[in-house]
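Overview (structure and organization)
One-letter residues, chain by chain:
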Amino acid sequence: MLQQQSASGSPGPHMICGPRRLDLSSPRVMGILNVTPDSFSDGGALSASAEKGAGVFSVSVDKALRRAERMCQDGACIIDVGGESTRPGAAAVTEQQELDRVIPVIEAINRELDVIVSVDTSAPAVMREAALAGAGMVNDIRALRREGAPEAVAATSMGVCLMHMQGEPGNMQQAPAYDDLIAEISAFLLQRVADCERAGITRDHICLDPGFGFGKTLAHNYRLLREMPQFLSAGFPLLAGLSRKSMIGAVVNRQVDGRLAGSIAAAVLAVTQGASIIRVHDVAETVDALGIIQAMQSQS
Ligand code: 7PJ
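Presented here is an overview of the structure given in this document. (Residues numbered from 1 in each chain as written. Predicted model: local features only at pLDDT ≥ 70, side-chain atom pairs only at ≥ 80, totals over all residues. Heavy atoms only, no water.)

On to the pattern of salt bridges, then. A complete count under the given rule lists 14 salt bridges for this structure. Note that Arg20 is salt-bridged to Asp114, the shortest N-O span being 2.7 Å. With Arg20 in strand β2 (residues 20-23) and Asp114 in the loop between α3 (95-112) and β5 (116-120), the pair connects residues that are 94 residues apart, well separated along the chain. The closest approach of N and O atoms between Glu168 and Arg142, which form a salt bridge, is 3.1 Å. Of this pair, Glu168 sits in the loop between β7 (159-163) and α6 (181-199) while Arg142 sits in the loop between β6 (137-140) and α5 (149-154), and the two are 26 residues apart along the sequence. Judged by relative accessible area, which is 34%, Glu168 ranks as partly exposed. Because the salt bridges share partners, they merge into one network encompassing Asp80, Asp120 and Arg279. (Salt bridge = Lys/Arg side-chain N within 4 Å of Asp/Glu carboxyl O. Helix = DSSP H or I, 4+ residues; strand = E, 2+ residues; numbered from the N terminus. Buried < 20%, exposed > 50% of the residue type's maximum accessible area, 1.4 Å probe, protein only.)

Structure, rendered in structure tokens:
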């Protein structure tokens, strides 16, 4: 099939992620790879050994790499590597801890797999090191609000996901409140875009995310999903992260490991509502589900 060309002759919807161009003419899946101490079933060998530089460390890097490889085989186009837990009440990590956790994993994935690596961080130093290790994208839940973050990204050719969050992970769910949910989130995101452009990041490197679950009530979250098309008018690709979140759990009344069907439904809806990138834990199932949307749209 011919690649659709826009009037200017530039290629169709896409995002620049370092040396790679992420084609967004159909929805893409970003697989979540947490490298926090509590994220591996072996009870945190990664962090315990990272500080000591012990041999166990490489075992965990290998484990992370195998998980990334599986997600690629399952159809993920981006692997999102994160070393800071954003759960309310999670312990703060130092920059050094974050570097120790994510850099070896990013290097390994970049060496072994043909995929865009995203680094889930708010720390400018981690962004810079991640770029050197081969990351093509920064996924920042704080939307590059830390001092020096826009400049750190601008100094590389990495793409960036700017996400909305009201408050900080420690307090964001205490009393989320908005006068006008959509207008406030839009204004925030456009302000962040302006800051990024001032620092030298070009528009084709940016995607936006309304930040499901980040300083939002259940009603806010579902309203965001319903009104997501409004964010498209800014002209940026949209990323949505709904996988296993409490907005799913509240509806299906299940713990995290029982939220797959609800998460798939949410992913399908998000794409129907205009999202181009879906951030998920369950890559294979989500890719299958999104394939059905594609089939409906493309079969004559
Ligand atoms: C998101 C994220 C999200 C982006 C997390 C979780 C919480 N990054 N990081 N969007 N959520 N861009 O996965 O449940 O929704 S951490």
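Turning to the side chain of Ser122, a few remarks are in order. Tracing the sequence through the fold places Ser122 in the loop between β5 and α4 (124-132). At 2.6 Å, the side chain of Ser122 forms a polar contact with the side chain of Asp140. Within the structure, Ser122 has its side chain in polar contact with the side chain of Arg142 (distance 2.7 Å). With residues near it in sequence (within four places) discarded, Ser122 still touches Met127, Asp140, Ile141, Arg142 and Arg146. (Polar contact = N/O pair within 3.5 Å; in protein donor to acceptor, adjacent residues only side chain to side chain. Contact = heavy atoms within 4.5 Å.)

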